[in-house]
Structures are given as structure tokens and as C-alpha cells.
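Tertiary structure, described
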Amino acid sequence: MSGNGSRLPTARNVAEIWVPADRSAGSGYLLSNRLVLTARHVVQAAMPTTTRSAPAKLGHDELTALRHEVAHQLRCRVRRLSAGPGQSFADATVVWWHPARDIDAALLLVLDPSWDNAPAEPVAWAEILDGSAPVACTAVGFPATDVQVDADGELRESRQLIGVVPPLSQYKRQRWAVHVEGRVGTVMRAGSSWSGMSGAALFAHHKGLLLGIVEADVDADDPERRELRAQPVHTFADHPDLVDWLVADGGVWTRTRLVDDASTPRSTRIVGDRISGGVGCWRDRDAQRAELRALVLSRQRVISVTGRRGIGKSAMVARVLADFEEPDPRRSPLEDVDGLVYLSTRTGPGSLTLSGLYEALAGLLPPEERSRLSENLKNVRERALPALWQALSARRAVVVLDNLDDLQDPGTGELLDAEVVAFLDSACRAPAGQTVVTTSQRPLRLPGDLVSHVRELELDAGLPEEDAVHVLRAIAPGGQGLRELSDEQLRQAARTLHGIPRGLELLARLLTDDPFAAQDVLESDVPPEELVRQLVSQGWTRLDAIGRAVVGLLAAAGIPLPAEAVPPVLADVANAREVRSVLATLWRSRELAYDRDSGLVRLHPLDADHVRAVLLSGETLRQRDTELARWYASQRRPVIALRFVSDAMPHVKEYEHRWRAGDHGAALTALAEVADFLARGGEGALLRTALRQAEQHPDVPVSPVLWCRAALEFFDGSLHEAEEALRTLVAHSSGDEALPLPKAAIDVRYGTTLRHLGRAHEAVRVLTTVGEDDAAPHNCRMDALFEQALSLCYLQDVPAAAMTVRRMVELSRDDDPPLLRAQRADVEALVALLEQDTARALRAVEEGLDAYRDSPESDSAGFLRNVRALVLLAQGDPEGAEQTLRRAAQEAEKLQNLRLTGLCRMNLAWSLLYQGRIAEAVSAAACASGALVRNGALEAPAAQALVEVLARRGSDVPLEAALDRLGELSASSPDLHQPGTLARVALGSGAGGMRDR
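Residues numbered from 1 in each chain as written. Predicted model: local features only at pLDDT ≥ 70, side-chain atom pairs only at ≥ 80, totals over all residues. Heavy atoms only, no water.

**Details of the overall build of the protein**
For the protein, the helix and strand inventory stands at 38 helices and 25 strands. The buried share among the 997 residues of the protein stands at 55%. The long-range share in the protein, meaning contacts at least 24 apart out of those at least 6 apart in sequence, stands at 70%. With an accessible surface of roughly 41,300 Å², the protein has 49% of that area assigned to carbon and sulfur atoms. (Helix = DSSP H or I, 4+ residues; strand = E, 2+ residues; numbered from the N terminus. Buried < 20%, exposed > 50% of the residue type's maximum accessible area, 1.4 Å probe, protein only. Contact = heavy atoms within 4.5 Å. Areas by Shrake-Rupley, 256 points an atom, 1.4 Å probe, with all protein chains shown as cover.)

Set out below in C-alpha cells:
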């Protein structure tokens, strides 16, 4: 068997097992469509006398024969963890178990005809070799401790365990004693509280490789003993009968190595910029650091670190987590953190949005998984978070949200940002959530039901006096001003500053230059925060013009900048050598921090706020903002090359700095260039804010306003509003120098919007103009031809669509990005299908799917899979079509894409009908109708007509008129199966199906 799939347990593959014969319960894992791996002792009471040989292929006929053969045998019952409320168990029978009595493994075959035949993910298994380090692992099952009884009866809830496999533990018995994190709890019944977990598949935590099967509690009588026994997979995985069954059911069962190799996608350990520079040395707060570390390792959901400005919150958090930035094989996996996400309103993009939070967390995953999840976010926003937590369930990650003060109500501490609240809510509620550490001056005021998930850690005091003296002398050991002061004078200064670490740094720098400054501090009676601001001001007065330009630039930026960017940004102030020299001087004097790993320089947030609000004149701030805007403009990437929302940060920062500098028109034009990308990526809130600001400034040109509004409405609002904005923009675009992008791109979006509104004739007229314009940008022409070909397919003008595809091929270039290649293949497959050239259509489908994977619109691949299924139906392969459509429908449902869900479910109904599976076809058609009606899609009437035909089937009511109407409605969309004579036969007879004709 081939394939190298490896992934962690999912709700679709985890199975709950019930054996009526002895009323026993257990767990299992789907290795293929219908085959469930479990422990043999779980199904002992339902085992036949001998194992059963596997057929060559497990198809419809073979399953039907098996159901008759085992009709009077004892059965097992199986239910997916993902089964909906009220969904019953399905019949299953034991088909294989290992002949050696001491190997606890068995295989169930689900017989129930209503079972969802969705293709299972490939499974890769691995042997832990002698001499390997302990391996972190995870398993999902149904322990007895989570049994709940309500009005509907007994519910056995799932539990995901985290543990470690010591390879040499119970080595002689060919078993493992798995050390489990935490206790499962106790139950008021005899036996182990882990009972029911038996049979759960045990996976390697980081690699997603199957390691074994949970077998039993090592010591059921000792609830404090956190060990489970497991059967290693290598003891049974190569058994030929097991492999034969998997081959028969189309499963992918691959042996692989547990160790990393160069071909394996590597997960990322750190995402984002460390929230505090220079954590290599530390003094004091040992108790608080130990407490924070313990809370992190206990997987506390939210840890809120609070304290006044400059007290050292960010530095302490950064210091604790720095220990985990590099892997350490000496650490136990249960005392490790393998993923760190640093986010702040003062680092990175300088804002915390749901898209930014989601993409940063997804950045811990391999690139392919990250891309898939990012497409999920574009469609369902905060509803995408559970899938992200599930994808990270094998990781022990910590997310740091620094400086939440910027998002809190100054008086109450209420967190005002709804997206950040939604993120914290999801982190608290998710079964596989991670730890979030926040820093702020005031405690977080969250909704009441989240409070129990939050642990507050307050830093209510600065450094003790002795430690403060040590820090002062360590910062400036050679400073004359410090040498002349006694320890008692330094203690008094520390008391005056309340031991605030940032204040001590500023004081040490000041005393290095001015031995008389200490007296001013000792005699000061102002509050410590104000005194720290005074020290910032005094440091500012000692800077020369270049020093003030550097500090002012960093203050205006508000976030860290690459050190190498500062000299070119300040090229009008001084030459590069002078700027670099000043940067080094400011770093030595602790005026700014420099992180060697990232190459970033930053001001302390307290310094930056004071410099920006008080010390910089309005004109100087505008000058610095203009310089930053020019630099960010130089960092922008072509829009077609953008993949993730974070890739558009240079455009967004250019907008922010130009707007603050008063150049409102250029600011909104910069944002409008990525408005389409941002709206598609879920950043509609940013565009709404920008549009509200633009309404207050009549100097903003109308063109970028209309384009931003059109993008916002197209992806997150009303198509009719988008069409109105685009129609107005097109009417006023001739000769408009303020257009945010080429007129051809605007015309393409207008034509696309018309197609989505069902106005295909108008769309063709608009798009043809762009496609025939030799002066239009290449990307715009290719987009126009793609949309034009789609519109012609909807109009059933196949010759014109084919001619448009040929024109796309003629204009194609070797350096075309993946998206253009994917679109060309997409529409070529659709045209080939309409021309009944199924071989060419399949070739184009595969080419398009490969290209879509590397494009920023990989979610569009679902429509191409639907085309593949239509081709398979045309070739007389309803089983192949069914498999393709089930996968496409599942992905569409995850993305909450109602139209694609409806298309796949309706075509699935046809594939089931042709197999004679009438009841399943009725169910699929009803699902399709519901999805398409809710979406308002033009295919909705066809789906409703199919439901009506299926409802009339078998009655005395003539079907001819209804069938004619169904054919006419289906013909309006090339994305639907076009029913012919065969469909009429299948609908009229209701038996046999395609396989019999």
C-alpha cells in the first residue's frame, strides 16, 4: 500500500464501541471507511469462532452478502465521535483478531447501510526503536468517569489523554506502561475509572503516527497511579489478514520512521517577536517566575499577569518562556512547551485581530496544514477556532497577548475588543485548548462564565531594595555618578521609584552622565510613574539630533523595527554610518533594546508613549510618520503573491502612518490595493474602520472609498451593495488618477459580481472588453478570461467558452503564479466536461488541484473536485463520484461554504441514486436543497425539484413533467449533473441502479 499520511485523532475517526452481549463499552479508531481498530478484549463477547478472509474489494455487493451471512451472529455497535445529536450506533461485526492470545488487537467491519462512507484519512504507524527517548503521545476514548445520565439515557463523553511512552517500560511483556498527565477522576462503580478507554488509538504527539492501542489500567485499585497499559502497533500491524482487509476497503496503512527526516514537514516552535528584549540576565522574582512556570505547565487556560506600567510584566513572562524557546531532550515531555506565540499591540503588526491571532497560532503547524486552516478562517471567522485547537491538540503551546491595556476600558478594565474576547472564550471552552498568558495594568474583566478559567498573577511591587541596588550597579559598573553614591542613597532612590525596573534602568543611565541627578530623585515627591516619565524626558534632552531622530522614529513606529531598516529610513537626517553608531550608543545606554535573534530594535512601551505624546512636536511626528510610510511602501509584496493576512502588514502600516501624517488620500489608496485580499481574509473590521474615518475627511478621493466598500460588501455583505459601488466606480473611473488599482481590475470585479448575481449576459459583455484589451495588465486579462469562460458555461455557450479557454492558453506565461494556472485548468476541465471529453477533463482537474494547493485561493479546489465527480458520473463510475463528493462536501461544510456544500450534496444524491441507494439519495438531496436555499444560489430551484421528484417516486403521479422541469433547471448550472435517459430509468424503476444496466 502507498501513501505517507500521518495525522492526529479526529472526531470523524474516533469511534465509540458498545457490545450488547455483555453490555461492555470501549473505544476504537477508523483505519478506513468501515474498518475500526480496537482492543480484542473489548469485543470478546461478540467474536465469532474464526476470523473472516477479506474480499478483493469491499464494495456494495460484498457488503450486502456479508450482512446476510452474519445476520444471526452477535454484533457490536459503533458510533463516530462526530455523530450528531440523536444519531444512533451502527451495526458492526468482528472480522479479524490477532491469533496470538497475548496480542490485544481486533478489527471491526461496520455493516450498517446508512453508515457515512466518507474516505478515512491515511494512517501511518511507527515502531519506537530500542534506545529511543520517551515519546509524547495522545489518545481519544470514552472512559467510564465521563458517563453522564440524563433524560435521554446514558451519554459517554470523550476524553483526550496526554502522556509519555517510555519505550523500555514493560519491554519483556511487549507492552508499554504509558505515563498519563493528570487524573481522569473517580466513578461510583467497581473497576477502573479509565474503563471504556480500552481500544483507543495511541498516537505520537508531534508526528501524528499511530503507536499502539490503549489496553488497560496498570493498577485499577490505585487512583493516584497515572499509568495505562498499551499494545504496541508493531506487534500486529504487519499481519497479512489485517493488511488484506485494509486493502479491500481502500485504506492506506503505511509504516514509517518516528524520527524526523528532511522530507517531513517541520512544525514551527516560535511565532512572533519576543515581547521583551534582553532576557539573558535576571534578578529577583524567583517565586513569581516559579508560580508562572507551574501555571503554564499545568495547562491553565488563561493566566493574567497584571501590574503598573514599567513594573516588568512583559520581561518576566518573556524570561519564563525563554527557557522553552529551544528544545531540550533532558526535559520530560510533560514538563515542556513546544510552541510559543508572541503577540502584542506593541510588536508585529501592532494590533490584535481575530485573523492575526488565528494565523499566528496556525503558524505553529506545517505549511500545508496552515494553508488549509487559513482558508477555513476566511469563511467562518471565529467558528473556525475549534478546528484550529483540534489541529494543535498534540502540541503544548502558549499564546502571549501582551499589553492588553490598549484594548481595555481605562476605568473598568473591561476588554473592549470583541474579537479578542471571542478568542479567549474559545480558548477556555475548547476541549483541546492551549494556554493564553496576558499582560495588562488592570485585571481582565471578562464575561462571568469565563472567570473560572482565568488565574491572575499580580506583580504589585517592584524589586526589593537590595536587588534594586544590585541592578543599578550592574547596569553601569563604571559610571562615576554611581560610584560616588552609597548603597543607602541607592536604596532611597529605589524606594522613591517603588523599585520599578524601567525606572531603575533610566536612573542608572542618567547617573552615568550626571552625578548630581541623584539628589533630584531623592528629593522628588511625585508619583513613581510620573517620576519615570521625567527620567525619560531628561534622557531625551541629552540626545543629539540623530539620537532624537532614532528614538522619535521608534516611538512613531510603536512596534519594533529591523535595525538594518533604521539607517535608510533616516537617510535625510544622517548617513548610514552615523545612524548605526547612534543605535549602538543608545543600546549600550539602555535607551533602546536590541534582540540579536530577530535583529529588531525597540523602545520600552512606557518610553514610546511618552516620547510620542509629549516630546515629539506635531511637525516632527508627521515627518517620522511620512518616513515610515515610505519604508513600509518599499516592503510591500505584489498582491497576487500574498498568501496570509500577515503578508499584507506593510500595506496596512503604510495606511496607518500616511493617515496620521495627514496624507489621507494616499493612505486609503494604499489600503485599497489590498482591500480585496483583506476582506476575503476576514479583516472586514479594518476596512469598516477606515471607511468610517474617510467619511469625516472630504479630501479623500471617492475611488478608493468605493473600491474598499465594494470589497467589503462582496465578501462580507450584500452582493447588490457591491454591484452598486462597482457600477458607480466604473462610471467615474475614466481618467481618475486616484484609482487604487488598474481600471481593468475593477472591470473584472464588476463582471464577477454580475456573474454571482446571475446576470451572466451582462458579465460577458464587461469581461470581454478586458480580455481583448492588449494594454490591460496580464493578470487582469487572465482573470477576465477565466470569469468570461465561467459565465459562458453558465449560458451553455460551449463553443464560445472553449474559444475563451484557448485564448487563456495562448496568453499563459511560464512565470504565471499558481492561481492563474489553477483557474485556467479549472475552466478547461468544465469546458471539456460540457464537450463530453472526460479524459481531457480529468487531466485538467488534476492539474488544477495541484495548482490550487499553492495558491491564495486553495478553498476553490472544492469546486474542481465537484467537477471531477461530474466527470466520473459521466464515465459511469458512481462509486468513485461518491467518494470524491463526500470529501468535497465535508471540506465545504467545515468552511461553511453553503453553495459548494449544496452542489456536492446534490451531485452526491445522483451518485447514490445510480447505485440504487434511494433512501440515502433522498437524504442527500434534502441537505443540498437546504444549503442552496439558505445561500440563495441559482441552483436552489434544481435541488428543490430533485427533492420533489424523489418524493413522488413510487406514487401514481406521473413524473414526466417534473423530470422535464428538473432537467431544465439543472441545465442552468454546469456545476450540476445533467440528468439524461439513464436518470429517468433510475428514477422510474427505483431498483438496481446504474450497476445493473
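That covers the picture; the talk isn't over yet.
**Description of the packing of aromatic side chains**
Think of a pair of aromatic rings as described by two things: how far the centres are apart, and how the planes are tilted against each other in angle. Scanning the entire structure with this criterion turns up 6 aromatic pairs. Ring centres 5.6 Å apart and planes at 45 degrees place the aromatic pair Trp389 and Phe423 in the tilted group. One end of the pair, Trp389, is in helix H7 (residues 385–391); the other, Phe423, is in helix H8 (residues 418–429), and 34 residues separate them in sequence. What makes Trp389 buried here is its relative accessible area of 1%. Given the relative accessible area of 0%, Phe423 is considered buried. Between Phe714 and Phe715 the ring centres are 4.9 Å apart and the planes differ by 75 degrees, which places this aromatic pair in the edge-to-face class. (Phe/Tyr/Trp six-rings, centres within 6.5 Å; stacked < 30°, edge-to-face > 60°.)

**Comments concerning the nonpolar core**
By size, the foremost hydrophobic cluster in this structure holds 79 residues, and its most contacted members are Leu292, Val305 and Val550. Val550 has contacts with Val566, Leu570, Val579, Val582, Leu583, Leu586 and Leu592, leaving out every residue within four places of it along the chain. Grouped together as the second largest cluster of nonpolar side chains are 52 residues, Leu31, Val78, Ala92 and Leu242 included. (Core = buried A, V, L, I, M, F, W, Y, C linked by side-chain atoms within 4.5 Å.)

**Thoughts on the pairing of strand S4 (residues 76–80)**
The buried count for S4 comes to 4 of 5 residues, which makes it a mostly enclosed element. In the sheet, S4 pairs with strand S5 (residues 90–97) via 3 bridges, with the strands oriented antiparallel. Looking at the pairing, Val78 lines up with Ala90 of S5. (Pairing = 2+ DSSP bridges.)

**Remarks on the environment of Tyr794**
Topologically, Tyr794 is positioned in helix H28 (residues 778–794). In the structure, Tyr794 is positioned 178 residues away from Ser972 in sequence and 6.1 Å away in space, judged by C-alpha atoms. The contacts of Tyr794, once residues within four sequence positions are left out, are Arg755, Arg899, Leu938, Glu939, Ser972, Ser973, Pro974 and Asp975. For Tyr794, the side chain forms a polar contact with the side chain of Asp975, separated by 2.8 Å. (Polar contact = N/O pair within 3.5 Å; in protein donor to acceptor, adjacent residues only side chain to side chain.)

**A few points about the pattern of salt bridges**
Counting across every chain of the model gives 52 salt bridges. A salt bridge links Arg759 to Glu723; its shortest N-O distance comes to 3.8 Å. In this pair, Arg759 is assigned in the loop between helix H26 (743–756) and helix H27 (760–771) and Glu723 in helix H25 (residues 719–731), connecting sequence segments 36 residues apart. Judged by relative accessible area, which is 5%, Glu723 ranks as buried. A salt bridge links Arg840 to Asp837, with the shortest nitrogen-to-oxygen separation between them at 3.1 Å. For Arg840, a relative accessible area of 23% puts it in the partly exposed group. Overlapping salt bridges bring together Arg309, Arg346, Asp406, Asp609 and Arg612 as one network. (Salt bridge = Lys/Arg side-chain N within 4 Å of Asp/Glu carboxyl O.)

**Let's talk about the side chain of Ser970**
In this structure, Ser970 sits in helix H37 (residues 960–970). For Ser970, a relative accessible area of 0% gives the class buried. Only 2.9 Å separates the side chain of Ser970 from the backbone oxygen of Leu966, close enough to count as a polar contact. Among residues more than four places away in sequence, those in contact with Ser970 are Met906, Ala942, Leu976, His977, Gln978 and Pro979.

**So, the sheet that holds strand S24 (residues 593–595)**
Strand pairing within a sheet occurs via backbone hydrogen bonds; the two strands may be parallel or antiparallel. Judged by pairing direction, the sheet is antiparallel, and its 3 strands sit side by side in the order S23-S25-S24 without closing on themselves. The open sheet has two free edges, formed respectively by strand S23 (561–562) and S24, since each of these has just one partner strand. Pairing of S23 with strand S25 (residues 600–602), which is carried by 2 bridges, proceeds in the antiparallel orientation. Among the inter-strand pairings, Leu561 is bridged to a residue of S25, identified as Val601.

**As for unusual backbone geometry**
The phi dihedral of Arg299 falls on the positive side, at around 65 degrees, and the residue is not glycine. Within the secondary structure, Arg299 sits in the loop between helix H3 (286–297) and strand S18 (302–306). Despite not being glycine, Arg590 has its phi angle at roughly 65 degrees, a positive value. Following the sequence through the fold, Arg590 ends up in the loop between helix H17 (576–588) and S24. Looking at Arg590, the relative accessible area reads 32%, which means it is partly exposed.

**Some words on the environment of Val798**
Along the chain, Val798 falls in helix H29 (residues 798–811). A relative accessible area of 16% means that Val798 is categorised as buried. Separated by 35 residues in the primary sequence, Val798 and Leu833 place their C-alpha atoms 10.0 Å from one another.

**Some details on empty space enclosed by the protein**
For the structure shown, the criterion picks out 1 cavity of 30 Å³ or more. Taken together, Val296, Arg299, Val337, Arg396, Ala397, Val398, Gln434 and Thr435 make up the lining of the largest cavity. For the lining of the largest cavity, a count of residues per class yields 4 nonpolar, 2 polar and 2 charged. (1 Å grid on protein atoms, 1.4 Å probe; cavity = no way out; pocket = protein on both sides within 12 Å on 5 of 7 lines; lining within 4 Å. Points joined across faces, edges and corners; volume = space filled by probe spheres on them. Nonpolar A, V, L, I, M, F, W, Y, C, P; charged D, E, K, R; others polar.)

**Some details on the side chain of Thr353**
Summarising the element assignment, Thr353 is placed in the loop between strand S19 (339–344) and helix H5 (354–362). A residue is classified by how much of its surface remains accessible, and Thr353, at 19% relative accessible area, is buried. Setting aside its immediate chain neighbours within four residues, Thr353 contacts Glu419 and Glu683.

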